[in-house]
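Observations on the three-dimensional arrangement
This is what each chain is made of:
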Amino acid sequence: MGKAITHKHILEKFGDTVQKVRKSQGISQEELAAKLAMHKNYIGMIERGERNPTIRTLYKIAKALKVNSSELLPF
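These lines cover the structure that appears in this document, whether it is placed above or below.

To continue, consider the side chain of Arg 22. Mapped onto the secondary structure, Arg 22 falls in helix H1 (residues 7-24). Beyond its immediate sequence surroundings of up to four residues, Arg 22 is in contact with Ile 27, Ser 28, Gln 29, Leu 32, Glu 47 and Leu 65.

What follows deals with H1. If you check H1, its first and last C-alpha atoms are 26 Å apart, about what 18 residues at 1.5 Å a residue would give, namely 26 Å. Among all positions in H1, only Leu 11, Phe 14, Gly 15, Val 18, Val 21 and Arg 22 are buried. Seen end-on, H1 carries its buried residues on one side only, within an arc spanning 130°. With respect to the buried face of H1, the exposed residues turned more than 90 degrees away are Lys 20, Lys 23 and Ser 24.

Once that is clear, we can look at unusual backbone geometry. Of note in this structure, Ala 37 is not a glycine but carries a positive phi near 55°. Mapped onto the elements, Ala 37 comes out in the loop between helix H2 (29-36) and helix H3 (40-47). Of the residues examined, Ala 37 reaches a relative accessible area of 72% and is grouped as exposed.

Analysis parameters
- The residue count restarts for each chain, going from 1 along the sequence in the order it is written.
- For this predicted model, a pLDDT threshold of at least 70 governs which residues receive local features, and a threshold of 80 or more governs which side-chain atom pairs are given and counted, while totals over whole chains, interfaces and linings are taken from all residues.
- Side-chain calculation: all heavy atoms of the structure are included, whereas hydrogens and water are not.
- Secondary structure counts use DSSP, requiring at least four H or I residues in a row for a helix and at least two E residues in a row for a strand, with both numbered from the N terminus.
- In what follows, residue pairs with any heavy atoms lying within 4.5 Å of each other are defined as contacts.
- Here the expected span of a helix is defined as 1.5 Å times the quantity of residues minus one.
- Exposed residues in this analysis have more than 50% of their type's maximum accessible area, buried residues have under 20%, and partly exposed residues fall in between, with area computed by a 1.4 Å probe over protein chains only.
- Read the arc as the range of directions from the helix axis to the C-beta atoms.

So this is what it looks like as structure tokens:
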């Protein structure tokens, strides 16, 4: 059987996706953080899979990046 999907794996995949979308739009972590009224370090922690953002934060990130929330989820 395949490798089990862990909580850490989900957070890392989510973070990778956020980073890819952000970079594809030419937005820095600082710019995204400003749009979200969050600290840039928090954005970095999300992108590295070190933080587990709330559903509300997921929605805010998607809105700031102008994508559907589902596009950021790794499943």
